[in-house]
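Descriptive analysis of the structure
So the chains spell out like this:
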Amino acid sequence: MEGPSNGGMLYHEVQESKLCAVHCVNTALQGPFFSEFDLAALASDLDDKERQMMLEGGLASDELAGFNSEESHNVSMDGDFSIQVLQKALEVWDLQVIPLDCPVAEPAQIDPELENAFICNMQEHWFCIRKVNGEWYNFDSLYAAPEHLSKFYLSAYLDSLKTSGWSIFLVRGNFPKEFSISYFESSNGFGQWMLPEDAERITKTRMQNNNPSSEQPSSLLDEMEDEDLKAAIAASLDPSPVLPPSSIAEIPYNKSQESSNETREKIDDL
């Protein structure tokens, strides 16, 4: 019998600026596999492919110029990514993203507990619902810790999300079994590893306090982080392959930017 993945620990990322799409992808994969720069690179690649398709389709020069003058269609300057970027990121790890209302996903609508992961989106917020070691958790980055969901509640919760207007996507494929972490290193940037009992304790405290403001950064700090992120995203979308040293120095260092070499290699192979 196989032992629990990642030593039985859960990987969770707490909201950083507006990077919920990054958090969503990483919690689906259960490890800090992608940074915001990796997703920005995928978004830039998608933009290039869309531009190439327009050229091949004989788009009028003025229409093409209008498209080129617009900001990226796959990432905003404040860090919000399109579903196409999330799909591409998960495809790097041989995972398929399927709209839950698609006919091929009908079994998941009937018995969602038999699946492994769902990603949810409404407006500009993304989060993942994931089964880890046989148990379901809500890995919403607005929560300080993943929230355990019973198998019965999972179905009811998905139904309530659909009723509220959320778009839900099923994620299928061979999920990574392990992420290489040191036993003594339980956190990485804005992500953290925790035992299920610790997640349960934090969730109970959150519910008792019922104070969402304690989970949100101050507005001033949030604005400062947003400005740093916009500069970093803009740099990632710049076609120049290398940033000048002065620009690199101004980007705050975060260990989460060091996505695994295997992820980088997979992106380069696309």
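Now for a look at the structure at hand. This is a predicted model, so every value here is computed, not measured.

Calculation notes
- Residues numbered from 1 in each chain as written.
- Predicted model: local features only at pLDDT ≥ 70, side-chain atom pairs only at ≥ 80, totals over all residues.
- Heavy atoms only, no water.
- Buried < 20%, exposed > 50% of the residue type's maximum accessible area, 1.4 Å probe, protein only.
- Helix = DSSP H or I, 4+ residues; strand = E, 2+ residues; numbered from the N terminus.
- Salt bridge = Lys/Arg side-chain N within 4 Å of Asp/Glu carboxyl O.
- Phe/Tyr/Trp six-rings, centres within 6.5 Å; stacked < 30°, edge-to-face > 60°.
- Lys NZ or Arg CZ within 6 Å of the ring centre and 35° of its normal.

Digging into helix α4 (residues 83-92)
- Here α4 lies mainly inside the structure; seven of its 10 residues are buried.
- Taken residue by residue, α4 has I83, V85, L86, K88, A89, L90 and V92 as its buried positions.

Section: the pattern of salt bridges
- One pass over the structure, following the stated rule, counts six salt bridges.
- Notably, a salt bridge pairs D45 with K49, separated by 3.4 Å at the nearest N-O pair. Placement of both D45 and K49 in helix α2 (residues 36-56) is noted, with a separation of four residues, approximately one turn of the helix.
- Relative accessible area serves as the criterion here: at 30%, D45 is assigned to the partly exposed category.
- For K49, a relative accessible area of 37% corresponds to the partly exposed category.
- The salt bridge involving D159 is made with K162; its shortest N-O contact spans 3.4 Å. A residue pair is termed a helical-turn pair when its members lie 3 or 4 positions apart in one helix, as D159 and K162 do in helix α6 (residues 151-163) at three residues.
- For D159, a relative accessible area of 38% gives the class partly exposed.

Details of the packing of aromatic side chains
- Applying the stated rule across the entire model yields nine aromatic pairs.
- Aromatic pair W126 and F169: ring centres 6.3 Å apart, planes at 35°, arrangement tilted. Of this pair, W126 sits in strand β4 (residues 125-132) while F169 sits in strand β7 (residues 167-173), and the two are 43 residues apart along the sequence. As far as burial versus exposure is concerned, W126 and F169 are alike and both buried.
- When the ring of Y137 is compared with that of F139, the centres are 6.0 Å apart and the planes differ by 55°; the resulting orientation is tilted. Comparing Y137 with F139, the two get one shared label, buried.
- Through a chain of ring-to-ring contacts, three or more aromatic side chains come together here, namely Y11, F33, W93, F179 and W193.
- Across the ring face of F175, the terminal group of R130 is positioned such that the distance to the ring centre comes to 4.3 Å.
- Looking at R206, its charged tip hangs above the ring of Y143, at a distance of 4.0 Å from the centre.

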